[in-house]
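# Residue-level structure breakdown
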Amino acid sequence: MLLKSIQQYPNVQQIDYNMLAATGPMLDRVYSMRYRSYSSEGYINRNNSEKFIDSYDALPNCTSYLMYRNGKAMASIRACRYDPKENIPIPCMEIFKQELAQNIGLDVPFVEVNKFVVDPRFQRYGGKHARLMLFSSIVEETYKYNVQNVVIAVRPEHVNFYKMFYCKTISDVKAYPHLNFETVLMACTDVERARKLIMSRSKRLAQSKCGQFH
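Cut-offs and rules
Residues numbered from 1 in each chain as written. Predicted model: local features only at pLDDT ≥ 70, side-chain atom pairs only at ≥ 80, totals over all residues. Heavy atoms only, no water. Helix = DSSP H or I, 4+ residues; strand = E, 2+ residues; numbered from the N terminus. Buried < 20%, exposed > 50% of the residue type's maximum accessible area, 1.4 Å probe, protein only. Contact = heavy atoms within 4.5 Å. Pairing = 2+ DSSP bridges. Salt bridge = Lys/Arg side-chain N within 4 Å of Asp/Glu carboxyl O. Core = buried A, V, L, I, M, F, W, Y, C linked by side-chain atoms within 4.5 Å. Phe/Tyr/Trp six-rings, centres within 6.5 Å; stacked < 30°, edge-to-face > 60°. Polar contact = N/O pair within 3.5 Å; in protein donor to acceptor, adjacent residues only side chain to side chain.

Moving on, we get to the overall build of the protein chain. When its secondary structure is counted, the protein chain shows six helices and eight strands. Listing every helix and strand of the protein chain by position from the N terminus yields α-β-α-β-β-α-β-α-β-α-β-β-β-α. The proportion of buried residues among the 214 residues of the protein chain is 52%. Pairs at least 24 residues apart make up 70% of the contacts formed inside the protein chain by residues separated by at least 6 positions.

Strand S5 (residues 150-154) sits mainly inside the fold: five of its five residues count as buried. Judged by which residues are buried, S5 turns out to be covered on both faces: Val-150, Ile-152 and Val-154 on one side and Val-151 and Ala-153 on the other are all buried. When strand S4 (residues 110-118) meets S5, the two strands line up parallel, connected through three bridges. Bridge pairing links Glu-112 to Val-151 in S5. Bridge analysis of S5 against strand S8 (residues 182-188) gives five bridges, and the strand direction is antiparallel.

Further remarks concern the environment of Gly-42. Its place among the elements puts Gly-42 in the loop between helix H2 (26-40) and strand S2 (62-69). For the pair formed by Gly-42 and Phe-181, sequence separation is 139 residues and the distance between their alpha carbons is 9.2 Å.

By the definition in use, this model includes eleven salt bridges. When the shortest N-O distance is used, the salt bridge between Asp-54 and Lys-115 registers 3.5 Å. With Asp-54 in the loop between H2 and S2 and Lys-115 in strand S4, this residue pair connects regions lying 61 residues apart in the sequence. Each member of the pair, Asp-54 as well as Lys-115, is classed as buried.

Counting residues in hydrophobic clusters, the biggest one holds 34 residues, and the most contacted among them are Met-67, Phe-135, Tyr-162 and Met-186. Of all hydrophobic cores here, the second largest spans 33 residues; its members include Tyr-31, Met-33, Tyr-56 and Cys-80.

A few words now on the packing of aromatic side chains. In the structure shown here, the tally under the stated rule is six aromatic pairs. Centroid distance Tyr-38 to Phe-181: 6.5 Å. Interplanar angle 50°. Geometry classified as tilted. Here the residue Tyr-38 occupies a position in helix H2, and Phe-181 occupies one in the loop between strand S7 (174-175) and S8, the gap between them amounting to 143 residues. Where Phe-161 meets Tyr-162, the ring centres are 4.9 Å apart and the plane angle is 90°; that geometry is what we call edge-to-face. Of the two residues, Phe-161 and Tyr-162, both sit in the buried class. Taken together, Tyr-38, Tyr-43, Phe-52 and Phe-181 form an aromatic cluster joined through their ring pairs.

By the element assignment, Asp-57 lies in the loop between H2 and S2. Of the residues examined, Asp-57 reaches a relative accessible area of 14% and is grouped as buried. Engagement of the side chain of Asp-57 in a polar contact is seen with the backbone nitrogen of Asp-54, the distance being 3.0 Å. Filtering out sequence-adjacent residues up to four positions away, Asp-57 remains in contact with Tyr-31, Arg-34, Ser-64 and Arg-78.

Here it is, written out as structure tokens:
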């Protein structure tokens, strides 16, 4: 993973990245970060709580993660696990159920990656680097649970990034639940192959880019 590989190069400017599953008070940071990110771009309406929470956050199959940069919460992402034995819903099934049935199958487990946000205060550190770190952590977790399929609903302008990691588009453009933007559903059906590529890219990024972050 990129978080580990960064630490292998002591000659570059040291940036400390940590990725943690959010629990307890950490969840308030996740919800507040989502609100700041989505409201700043007009993707949700403003509210008095200044938090963005949906019904899936309380479900046992959904885990939110926080990425810290030098001790400051920088970005967040959520993994929602679908298991046909438990049949607990996940967000993408609201609008992409037919595509999931046709391309993945509803009789096998898979993971949906969603709610990727970068705190507006760290936007210039976001982009591909943050997406790579967050996506790599989710792939690692998925790999440990022996799940071979990952799906992610992305805005059309981000499709090419995920294509690099063997994700393919399996839907037309549709509005995503509870957010004011459109997405397409992408699927990675070979997690092991994606994992190896991510590890290779992470190592090269650590060697060539670490010292350029400020």
